[in-house]
Structures are given as C-alpha cells and as structure tokens.
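# Summary of structural features
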Amino acid sequence: MKKWLIVLCCWLPLTSYASDVLTLDWIDLVPEQERQQFNSNSMPVLDHNSAAVKQSMIGKVRTELNGSKVKIPGFVIPLEGDDKAVTEFLLVPYFGACIHVPPPPPNQIIYVKFEKGAPIQQLWDVVYVVGTLQTQHISHDMAEVGYLLEGTALEEYDDM
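Residues numbered from 1 in each chain as written. Predicted model: local features only at pLDDT ≥ 70, side-chain atom pairs only at ≥ 80, totals over all residues. Heavy atoms only, no water.

## Looking at the pairing of strand E4 (residues 110-119)
Where strand E3 (residues 85-92) lies against E4, six bridges are found, and the strand directions are antiparallel. Bridge pairing links Val86 to Ala118 in E4. For E4 and strand E6 (residues 144-156), the ladder comprises four bridges, and the chain directions are parallel. In the strand pairing of E6, Tyr111 is matched with Leu148. (Pairing = 2+ DSSP bridges. Helix = DSSP H or I, 4+ residues; strand = E, 2+ residues; numbered from the N terminus.)

The following block contains the structure:
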C-alpha cells in the first residue's frame, strides 16, 4: 500500500503540471506552414509601396489551439468597460496596432472578454492575459479578428 501511495504522490504533481497554462508568443498563433509570411519579429511582411491601408488577411488560425488554456503577452485596446475596469478589449502584438493603420492580420489579434473586469491602471503597458483560447472569427469595426479569449487573469509582463 505504501509503495502505491508513494507512486501516486509522485505522479500527481506531473499530471497537474501537464495541464498547466500554455505560454504563447504571437508567431505561435500562425500555422507553421504560413510563418514565412512574417518577419523575424513575428510581424507580417507588409508592402509599404501600396496605396492600400487595409488589413492584411494573410494566414489562418491554428484550430488545434481551440479550447487551450493560454498565457500571451500583448497590448490592450479597450472596447467595453468603464473608468475603473475594461471587460472587453483587443489584444495585439505591438503598440498602436488597430489604432494606426493597417491592423495586423486576423490571426494576430485576439478579442478578449474579461468578465470580472481588468483594472484600467494595468492596461497601459504590455501585459500577459491568461484564459481559454477559442478559434473564432469576429468582425469588429476596428479589424477582423481570428481568436477569442475568455480572460481569467492578468499578469505583469516580464520578458525573462
């Protein structure tokens, strides 16, 4: 009996670790076969000689990430909330995305619903958003979006 108890105690921490949150970079949201369309900074390759300032629709979403618990860093563009908390926002990979044209492609924008509200003072710098990721197309006035995240936590960003 003791032997089985020891085996069980050693096994339990491994199973809880295996179900831990998946930390993503923005390039992780792009299918591997399409990553050549992005530069070394995980930014879409843009044609700056074109007169068009429309959102690039390059790339698909990674459907295998659907339902995953994830943690991803980004910049917040508030959409819904009040002067104390934001309940819905766009999470984008770089400062000024969607405010300055053109917005990133849909697979580089995440629509976040944060039911309990994210405190305003935490949203001016890059933050980690933790929650459940869904591959869902959302059409918004600012941009087409490829992912939805049901946010459960905000964490301070560190690049270590």
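## A word on the pairing of strand E2 (residues 69-81)
Each regular strand shows side chains that alternate between the opposite faces of the sheet. Here strand E1 (residues 22-23) runs beside E2; their pairing, made up of two bridges, is parallel. Among the inter-strand pairings, Leu22 is bridged to a residue of E2, identified as Val70. Sheet analysis places E2 next to strand E5 (residues 127-139), joined by six bridges and oriented antiparallel. What sits directly across from Lys69, in E5, is Thr132. With six bridges connecting them, E2 and E3 associate as antiparallel partners. Paired with Glu80 across the strands is Glu88, a residue of E3.

## Digging into the nonpolar core
What tends to happen in soluble globular proteins is that the nonpolar side chains get buried as a cluster. Judged by nonpolar contacts, the single largest core of 21 residues is most densely connected at Leu29, Phe89, Leu91, Ile110, Val112, Val129 and Leu133. Sorting the residues of this core by element identifies E2, E3, E4, E5 and E6 as the ones contributing at least two each. The greatest single-element share of this core, amounting to four residues, is contributed by E4. Not counting residues up to four positions away in its chain, the partners in contact with Leu133 are Leu24, Leu29, Leu65, Asn66, Gly67, Ser68, Val70, Ile110, Tyr147, Leu148 and Leu149. (Core = buried A, V, L, I, M, F, W, Y, C linked by side-chain atoms within 4.5 Å. Buried < 20%, exposed > 50% of the residue type's maximum accessible area, 1.4 Å probe, protein only. Contact = heavy atoms within 4.5 Å.)

## Thoughts on the side chain of Asn107
One can find Asn107 in the loop between E3 and E4. For Asn107, a relative accessible area of 0% corresponds to the buried category. One polar contact links the side chain of Asn107 to the main-chain carbonyl oxygen of Lys60, over a distance of 2.9 Å. (Polar contact = N/O pair within 3.5 Å; in protein donor to acceptor, adjacent residues only side chain to side chain.)

## What about the environment of Lys60?
Within the secondary structure, Lys60 sits in the loop between E1 and E2. Of the residues examined, Lys60 reaches a relative accessible area of 57% and is grouped as exposed. Placed 48 residues apart in sequence, Lys60 and Gln108 show a C-alpha to C-alpha distance of 9.9 Å. Dropping the residues within four chain positions of it, Lys60 is found in contact with Leu29, Val30, Pro31, Glu34 and Asn107.

## Here's the deal with the packing of aromatic side chains
Centre-to-centre distance and the angle between the planes together describe a pair of aromatic rings. In total, this model carries two aromatic pairs according to the counting rule given. Ring centres of Phe75 and Phe95 lie 5.9 Å apart, and the angle between their planes is 75°; on these two criteria the pair is classed as edge-to-face. Taken as a pair, Phe75 in strand E2 and Phe95 in the loop between E3 and E4 lie far apart in primary sequence, 20 residues in all. Residue classification places Phe95 among the exposed residues on the basis of a relative accessible area of 65%. Centre to centre, the rings of Tyr128 and Tyr157 are 5.3 Å apart; their planes meet at 40°, and the pair counts as tilted. In this pair, Tyr128 sits in strand E5 while Tyr157 sits in the segment after E6, placing the two residues 29 residues apart along the sequence. Relative accessible area serves as the criterion here: at 9%, Tyr128 is assigned to the buried category. Here the basic side chain of Lys71 rests over the ring of Tyr128, its NZ or CZ set 4.4 Å away from the ring centre. (Phe/Tyr/Trp six-rings, centres within 6.5 Å; stacked < 30°, edge-to-face > 60°. Lys NZ or Arg CZ within 6 Å of the ring centre and 35° of its normal.)

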